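Descriptive analysis of the structure
Chain by chain, the residues:
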Amino acid sequence: QQAGHYDEMIVLLNGLAAQSVPGPEVYQLLSGALAATERGEESLLALKIARNLLIASGDEASVRDINQAFADRGIDPDGVGFHCIVAVVLYNQGNRDGAIGELETAIAGDPEDPTPYKILGGILGKQGQIEEAKAHLRKAQTLYLKRGELEQAQGIESFFQDASA
């Protein structure tokens, strides 16, 4: 029954977020409700939005609190891995442009990390941008090989097939 209350809260908070420019408190509440319903990746995205709003407002103490919450979970909210998680969530929510933006930010932050290239290649392939997808997948494969991650590099072959399908 408690999960139903959280589901109602999520609907309400998403409605508030869509109808106005909510403050960081809305996103913090949404993050908590999403976490309580085991929607961890979406919860992290909401917490990141709250953090960005707090940074913009100059509320350094609250930003430190949120940064500590991320650190307690072993997450760097400015790291490549986090941008990749956010990109997948955004893509799954239908926000292709937002997902691509997060992946471009991840690539700019660490151009030697193959993960954002692999995800970007998959997204572009699903969107029918086959040549661009293959270029990103080749880059990911090259970086995996450079790191000595042969299994990951070989796994890219399935992405090539998916991108062409």
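Definitions and limits used
- Residues numbered from 1 in each chain as written.
- Predicted model: local features only at pLDDT ≥ 70, side-chain atom pairs only at ≥ 80, totals over all residues.
- Heavy atoms only, no water.
- Helix = DSSP H or I, 4+ residues; strand = E, 2+ residues; numbered from the N terminus.
- Buried < 20%, exposed > 50% of the residue type's maximum accessible area, 1.4 Å probe, protein only.
- Areas by Shrake-Rupley, 256 points an atom, 1.4 Å probe, with all protein chains shown as cover.
- Axes fitted to C-alpha atoms, helices over the stretch in contact; angles between N-to-C directions.
- Parallel < 35°, antiparallel > 145°, perpendicular 65-115°, else oblique.
- Left-handed = near helix turned anticlockwise from the far one by under 90°.
- Contact = heavy atoms within 4.5 Å.
- Nonpolar A, V, L, I, M, F, W, Y, C, P; charged D, E, K, R; others polar.
- Salt bridge = Lys/Arg side-chain N within 4 Å of Asp/Glu carboxyl O.
- Core = buried A, V, L, I, M, F, W, Y, C linked by side-chain atoms within 4.5 Å.
- pLDDT = per-residue confidence, 0-100.

Here's the deal with the overall build of the protein chain
- The helix and strand tally for the protein chain stands at nine helices and zero strands.
- The order of α-helices and β-strands along the protein chain, N terminus first, is α-α-α-α-α-α-α-α-α.
- Buried positions account for 38% of the 165 residues belonging to the protein chain.
- A total of about 9200 Å² of accessible surface is found on the protein chain, and carbon and sulfur atoms cover 51% of it.

Considerations on the packing of helix α3 (residues 40-57) against helix α4 (residues 60-72)
- Their axes nearest at 9 Å, the elements α3 and α4 cross at an angle of 155°. With respect to their mutual orientation, α3 and α4 come out roughly antiparallel. Crossing geometry of α3 relative to α4 is assigned as left-handed. Of α4, the residues touching α3 (which contributes Leu44, Leu47, Lys48, Ala50, Arg51, Leu54 and Ile55) are Ser62, Val63, Ile66, Asn67, Ala69 and Phe70.
- For the contact of α3 with α4, the class distribution of residues is nine nonpolar, two polar and two charged.

Observations concerning the pattern of salt bridges
- This model, assessed by the stated rule, comprises six salt bridges.
- A salt bridge links lysine 48 to glutamate 102; the shortest N-O distance between them is 3.4 Å. Taken together, the positions of lysine 48 in helix α3 and glutamate 102 in helix α6 (residues 96-109) put the pair 54 residues apart, joining distant regions of the chain. Here the two residues lysine 48 and glutamate 102 agree in accessibility, since each one is buried.
- One salt bridge connects glutamate 149 with arginine 147, and the closest N-O pair in it is separated by 3.6 Å.
- Residue classification places arginine 147 among the partly exposed residues on the basis of a relative accessible area of 42%.

Thoughts on the side chain of histidine 83
- Relative to the elements of secondary structure, histidine 83 occurs in helix α5 (residues 80-92).
- A relative accessible area of 8% places histidine 83 in the buried class.
- Apart from residues lying up to four places away in sequence, histidine 83 is in contact with Lys48, Pro77, Asp78, Glu102, Thr105 and Ala106.

Examining the nonpolar core
- Counting residues in each nonpolar core, the largest one holds 40 residues, and the members touching the most others are Leu30, Ile66, Phe70, Leu103, Leu120 and Ile123.
- Broken down by element, this core gets its largest block of residues, seven residues, from α5.
- Here isoleucine 66 is in contact with Gln28, Leu47, Ala50, Arg51 and Leu54, once residues within four sequence places are set aside.

Re the environment of isoleucine 156
- Locating isoleucine 156 in the fold gives a position in helix α9 (residues 150-164).
- By relative accessible area, which is 0% here, isoleucine 156 ends up buried.
- For isoleucine 156, the contacting residues outside a window of four places in its chain are Lys118, Leu137, Ala140, Gln141 and Tyr144.

Quick word on the confidence of the model for the protein chain
- Mean pLDDT over the protein chain works out to 86, with 88% of the residues at or above the 70 mark.
- Looking at the elements of the protein chain, mean pLDDT is at its lowest for helix α1 (residues 2-19), recorded as 68, and at its highest for helix α8 (residues 130-147), recorded as 95.

Concerning unusual backbone geometry
- In this structure, glutamate 38 is a non-glycine residue whose phi angle is positive, near 60°.
- Within the secondary structure, glutamate 38 sits in the loop between α2 (24-36) and α3.

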